[in-house]
Amino acid sequence: MKNKITLSLLAFFTCTTLAINAAETTPSNNFKKPESAVKYRQSAFSLMAYNFGDIGAMLKGKKPYNPASVIIRAENVAALSKLPLEGFIQAEGLDQRDALDKIWTEKAQFNEKMQTLQKSANLLVVAAKSGDKKTVQKAFMETGKSCKSCHDDYKKD
Ligand code: HEC
């Protein structure tokens, strides 16, 4: 009986997760003011940079290399990489800070670069879980490239 309950619970959660994954990837935004969207995306980038930077510090030997920490950091980067896009909205008179105007005319390319980041961050998680430092190094560089590629095109210096 107990097993049956556990199994149906498991089935329920699996179905729910699948349904969520299949749904629209970004929920409709819930910002009270347009300025909040800017704050939201900048916060997401800051948190991402903090977690990503810590992997860099370990790879560069600025602090001891800890494979378990690398997994946590990589998972954080992967989760956070899904957030900034929602904060890129247009509104009358909104100060877009360091976001260049061409984001709005090239939204498809911009979104694609965000997807490239998400994919490389997912591969960084896989690399971290392999426990092999060289593999992590490679995946770290790839992820870093995806940051730079977007900043070069869409962020003010
Ligand atoms: C698809 C484009 C894109 C990708 C990919 C991207 N960024 Fe950015 N990033 C931006 C833009 C645009 C801004 C400027 C946002 C603003 O000023 O509101 C920004 C701003 C930032 C900021 C400054 C946040 C602040 O408080 O002003 C940091 C830090 C940052 N990004 C780090 C990263 C890191 C680290 C990565 C990769 C792991 C990354 N970004 C990937 C587009 C991107």
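The numbers attached to residues start from 1 for each chain and follow its sequence in the written order. Confidence filtering applies because this is a predicted model: local features only for residues at pLDDT of at least 70, side-chain atom pairs given and counted only at 80 or more, and all residues used for totals across whole chains, interfaces and linings. Remark: hydrogens and water are excluded; side-chain values derive from all non-hydrogen atoms of the structure.

Would you explain the overall build of the chain in this entry?
When its secondary structure is counted, the chain shows six helices and zero strands. Elements are defined by DSSP. Helices are runs of H or I of four residues or more, strands are runs of E of two residues or more, and each kind is numbered from the N terminus. Listed N to C, the secondary structure of the chain is α-α-α-α-α-α in terms of helices and strands. The buried share among the 157 residues of the chain stands at 30%. Taking contacts inside the chain between residues at least 6 apart in sequence as the whole, the part at least 24 apart equals 72%. Where accessible areas are quoted, they stem from the Shrake-Rupley method and a 1.4 Å probe; at the residue level, only the protein chains shown are allowed to cover. About 10600 Å² of surface is accessible on the chain, with carbon and sulfur atoms providing 59% of the total. Per-residue accessibility, obtained with a 1.4 Å probe over protein chains only, is compared with the maximum for each type, and a residue is labelled buried under 20%, exposed over 50%, and partly exposed between these values. Throughout, a contact is declared for two residues whenever any of their heavy atoms are within 4.5 Å.

I keep staring at the coordination of the iron atom of the ligand and nothing clicks. Help me out?
In an ideal tetrahedron of four donors about a metal, each angle is 109.5 degrees. In an ideal octahedron of six donors, the angles are 90 or 180 degrees. The rule for donors is simple: N, O or S, within 2.8 Å of the metal, or within 3.2 Å if the metal is Na, K or Ca. Water isn't counted, so a site may look like it is missing partners. If you check the protein contacts of the iron atom of the ligand, you find one donor only, His 151 (NE2), at 2.0 Å. In this structure, His 151 sits in helix H6 (residues 133-154).

Hey, could you run me through unusual backbone geometry in this one?
Trans peptide bonds make up the majority, and among non-glycine residues the majority have a negative phi. The phi dihedral of Arg 97 is positive, around 50°, even though this residue is not glycine. Note on placement: Arg 97 falls in the loop between helix H3 (67-80) and helix H4 (102-105). Taking the relative accessible area as the measure of exposure, Arg 97 reaches 43% and is therefore partly exposed.

Looking at this structure, how should I read the pattern of salt bridges?
Any two side chains of opposite charge can pair, so long as their charged atoms come close to each other. Each salt bridge in this description consists of a side-chain nitrogen of Lys or Arg and a carboxyl oxygen of Asp or Glu lying within 4 Å of one another. Evaluation of the coordinates by the stated rule reveals six salt bridges. Residue Glu 75 is joined to Lys 129 by a salt bridge in which the shortest nitrogen-to-oxygen separation is 3.3 Å. Highlighted residues: Glu 75 in helix H3 and Lys 129 in helix H5 (residues 107-130), separated in sequence by 54 residues. Residues Asp 153 and Lys 113 are paired through a salt bridge, measuring 3.4 Å at the closest nitrogen-oxygen approach. Placement of the pair is Asp 153 in helix H6 and Lys 113 in helix H5, with a sequence separation of 40 residues.

I'm lost on the packing of aromatic side chains in this one. Help?
The geometry of an aromatic ring pair comes down to the distance between the two centres and the angle between the two planes. Stacked, edge-to-face and tilted are the three classes for Phe, Tyr and Trp ring pairs, Trp counted by its six-membered ring, which pair at centre distances within 6.5 Å; planes under 30 degrees apart are stacked, over 60 edge-to-face, the rest tilted. For the structure on display, the rule yields five aromatic pairs. A ring pair is formed by Phe 52 and Phe 140, whose centres lie 4.3 Å apart and whose planes are at 15°; its orientation type is stacked. Highlighted residues: Phe 52 in helix H2 (residues 34-59) and Phe 140 in helix H6, separated in sequence by 88 residues. As far as the burial class goes, Phe 52 and Phe 140 line up, both buried. Here the aromatic cluster, defined as three or more aromatic residues joined through ring pairs, consists of Phe 45, Phe 88, Phe 110 and Tyr 154. By the criterion adopted, a ring carries a charge over it if an Arg CZ or a Lys NZ lies within 6 Å of its centre and within 35 degrees of its normal. Directly above the ring of Tyr 154 sits Lys 102, whose terminal nitrogen or CZ lies 5.3 Å from the centroid. Positioned above the aromatic ring of Tyr 65, the side-chain terminus of Lys 133 is 4.8 Å from the ring centre.

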